[in-house]
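The chain contents come next:
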Amino acid sequence: MRSYIIRRLIYSVIIAWGILTITFILLRVGPTSPVDRYILNIAARGQDVDSVRQAIEARYGLDKPIIEQYLLYMGNLLQGKWGWSFSASQPVLDLIGSHWIYSFQLILLSTIFAILLGVGLGILSAVKQNTKFDYAASIFSFIGISIPGFWLGLMLILVFAVYLGVFKTYYDTGYPIWSVENLRQLTLPVMALGIGELAGYVRYTRSAMLDNLRKEFVTTARAKGLPERTVIGKHVLRNAVLPLVTIIMFDLGSIVFGGAYLTEIVFGIPGLGQVSFNAIFANDYAVVIAVTLIGTFLVLFINLATDLLYTYLDPRIRYD
Amino acid sequence: MTETRSMTRGKAGMPVYINRRLMNYYWERLKKNRLSLVGLGFIVFLALVGIFGPLFVQDPQKVDFEIKNMPPLGCSIQESVYDIKTSEFTTTLINGRADHPLGTDSKGRDMLAMLIAGSRISLLVGLLASGMAIFLGTFIGVLSAYLGGWVDNALMRFTDIMMTFPFFLLLVLIVFIFGPSLAIIVLVIGLTGWTGAARLIRSEALSLRTRDFITASKALGASDARVMFNHLIPNVISLIIVMATLSIPGVIMAEAALSFIGLGDPMSTSWGTILNTGQHSLDTAWWVAVEPGIMLFFTVLSFNFFGDGLRDAFDPKASV
């Protein structure tokens, strides 16, 4: 088991290195330079654009050959130096350190919301198969899967903020993270992000439950005279959990720079999505690489955690 | 050769047949799923609108500030104008007009014309990009499964890297670097979206590879290319069709999301671009944000319905 984990960790580092290299190349072969953002200011001050550009490039080592820049960047990274953000004028780690919590709270809350409601509805839907409730849940999940999350966000703002005035149209960073006001203003973003996930979970839970409901051990459990509650909760649900965990963990990995990214932009939440979005437009390559790496490590960690979770959930699975 | 079969590729004695009777069987199965027919109907309607619609409406990019923020036919809004001389508000009622049945946006562009132009873009990007992704995925998957060894290893490790990459971040990054144009958007989605297909096709091809008819054709002296193109790929074709259909919604949403955050092709009108305009006029012109989203929603829903129906029709184990 331990050797398996070590192998996986080494493999993860290799993949992360591959992604880092691809991102670095993409950023440095692009036609725009991080210096571009200074050009207008420089020109406005009447200085010679080219000489200032060269000075800035020399200062940040941008004039060196790309291979040398790459080695320099890698060397710094291995020493734990993540670089300097041009656009925010602060170290990359500080920038990320002050923004990650906004993404984290959004993703955490919407995931909890989606799992609780989605799995619950899915179980009910499977137990009441082919009833009106089941059909309603199916239609709801089809709708939820097909609604673009960012548009749902816009519609929620339109109805609840613009017309009904129940919520504000923008995210107010003035409230502390641990406050009721903050929780309240996260209602719409959490719904916008969570409903798509929720709809997926309803579908997967339902089909996983139905698969197991037909199994013989369920008939046996019922024949033994166990109450239906126990049959569903202990015999069917526990066996349906494994495929669900796969889906939920996969979603968790892809949501960070997928749905959450757009939700942050729609609602103006200053999380990592917003940070990386601004960094890309400012060609702030240290930030882009750092954020990409964080996303990558997150996905790799979640993949590993999923595989390890399997062995706990299903003792028949072994990786030796 | 019987009447029920027609030859599609007739090289040297071993043609790939399209079996008419089997096609009829699939069609009969598909027809039983009403929702998938509704989906197909809407897709066909949208395609017709996209192809012929632009002939009947005005130029979607035509700006006319005289008629800006005109509500859809049957709706009316109150517009307050502040008169600087009398310092009084005058409120006028603006009614929707028949010549702009779906209203106009904040630059006076006709919504109907823009939506029609958008349906063209969405379908075009959806079909081209997912076609490209599935083609690449099939090619890589079959190659990997059939050749095995170090080719398989290298291709699958590369797939791992691509799968771990934060997908949307990569899209934003590349589109920003190479400039927003339709060709770039299609290329990027096509070149990054093949990973899931490659894995699925690979696992399918791996199990096919050991089957007797493959061994037989190899024993008869068939070349690798022949086995791959005439035996392996025809046997995964139904899987490919289903995957392509079900991947289109994701592509359409990705394109809309890119345009929404301002990375759409500035020369063309896409639903995402309209949403971008609508986001800023939620309080003055709700329809600009509502209408393209509804189109997006129904398009994605239709592809999901149709894809699900196709999957069940092709799956001999599914009851329809």
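This one's a predicted model, so the numbers in the text were calculated from it and none came from an experiment.

(A) Quick look at the overall build of chain A. The helix and strand tally for chain A stands at 14 helices and 2 strands. Projected onto its principal axes, the C-alpha positions of chain A cover 85 × 60 × 35 Å. For chain A, the proportion of its 320 residues judged to be buried stands at 35%. Considering only contacts in chain A between residues 6 or more positions apart, those separated by 24 or more positions represent 73%.

(B) Inspection of the overall build of chain B at higher detail. Helix and strand counts for chain B stand at 11 helices and 4 strands. With respect to the three principal axes, the spread of C-alpha positions in chain B is 95 × 45 × 35 Å. Buried positions account for 40% of the 320 residues belonging to chain B.

(C) Region of interest: helix H11 (residues 228-255) of chain A. Residues and elements named next belong to chain A. For H11, the principal kink sits at leucine 237 and spans about 45 degrees. For H11, the complete set of buried residues consists of Val231, Ile232, Val236, Ala240, Leu244, Ile248, Gly253 and Ile255. Buried residues in H11 make contact with helix H5 (92-127), helix H9 (187-213), helix H10 (216-223), helix H12 (259-267) and helix H14 (285-313).

(D) Inspection of the packing of helix H4 (residues 149-164) of chain B against helix H7 (residues 195-209) of chain B at higher detail. Residues and elements named next belong to chain B. Running from amino to carboxyl end, H4 crosses H7 at an angle of 140 degrees, the nearest separation of the two axes being 9 Å. Here H4 lies oblique to H7, going by the angle between them. Here H4 runs over H7; the crossing is left-handed. Each of Thr159, Met162 and Met163 in H4 lies in contact with H7, whose residues at this interface are Thr195, Ala198 and Arg199. Classifying every residue of the contact of H4 with H7 gives 3 nonpolar, 2 polar and 1 charged.

(E) How the structure looks around the packing of helix H2 (residues 34-52) of chain B against helix H3 (residues 111-147) of chain B. All names here are of chain B. With their axes 8 Å apart at the nearest point, H2 and H3 run at an angle of 115 degrees to one another. Taken together, the axis directions place H2 and H3 in an arrangement best described as roughly perpendicular. Considering the relative orientation of H2 and H3, their crossing is left-handed. Each of Leu46, Ala47, Val49 and Gly50 in H2 lies in contact with H3, whose residues at this interface are Ile116, Ser119, Arg120 and Leu123. Considering only residue class, the contact of H2 with H3 consists of 5 nonpolar, 2 polar and 1 charged.

(F) Focus on the domain arrangement of chain B. Domains assigned within chain B are domain 1 (21-69 + 104-314) and domain 2 (72-97). Centre-to-centre, using C-alpha coordinates, domain 1 of chain B lies 43 Å away from domain 2 of chain B.

(G) Region of the structure containing the interface of chain B and chain A. Facing 31 residues of chain B, the contacting portion of chain A comprises 33 residues. When residues of the side of chain B that touches chain A are traced back to their parent elements, those giving at least two are H4, helix H5 (167-178), helix H9 (224-263), helix H10 (271-279) and helix H11 (286-314) of chain B. Taken together, the residues of the side of chain B that touches chain A break down into 25 nonpolar, 4 polar and 2 charged.

(H) Quick look at the confidence of the model for chain B. Residues and elements named next belong to chain B. Across chain B, the average pLDDT comes to 82, with 93% of residues at or above 70. Ranking the helices and strands of chain B by mean pLDDT puts H2 first, with 90, and strand E1 (residues 5-9) last, with 44. Ignoring residues within four places in sequence, the model shows residues 1-16, a span with pLDDT below 50, making 19 contacts including any to other chains. Both scores are given for the predicted complex: the pTM is 0.85, the ipTM 0.84.

(I) Representation of the environment of valine 236 of chain B within the structure. In this structure, valine 236 of chain B sits in helix H9. Once you skip the residues sitting within four places of it in the chain, valine 236 of chain B turns out to touch Ile201, Glu204 and Ala205 of chain B.

(J) Quick look at the environment of leucine 263 of chain B. Counting through the fold element by element, leucine 263 of chain B comes out in helix H9. Through-space distance from the C-alpha of leucine 263 of chain B to that of isoleucine 214 of chain B is 47 Å; in sequence the pair is 49 residues apart.

Cut-offs and rules
Residues numbered from 1 in each chain as written. Chains lettered and ligands numbered in written order. Predicted model: local features only at pLDDT ≥ 70, side-chain atom pairs only at ≥ 80, totals over all residues. Helix = DSSP H or I, 4+ residues; strand = E, 2+ residues; numbered from the N terminus. Buried ≥ 20, exposed ≤ 12 C-beta atoms within 10 Å, placed from the backbone. Contact = placed C-beta atoms within 7 Å. Bend = angle between axes of the 7 residues up to and from the residue. Axes fitted to C-alpha atoms, helices over the stretch in contact; angles between N-to-C directions. Parallel < 35°, antiparallel > 145°, perpendicular 65-115°, else oblique. Left-handed = near helix turned anticlockwise from the far one by under 90°. Nonpolar A, V, L, I, M, F, W, Y, C, P; charged D, E, K, R; others polar. Domains from an automatic or database assignment. pLDDT = per-residue confidence, 0-100.

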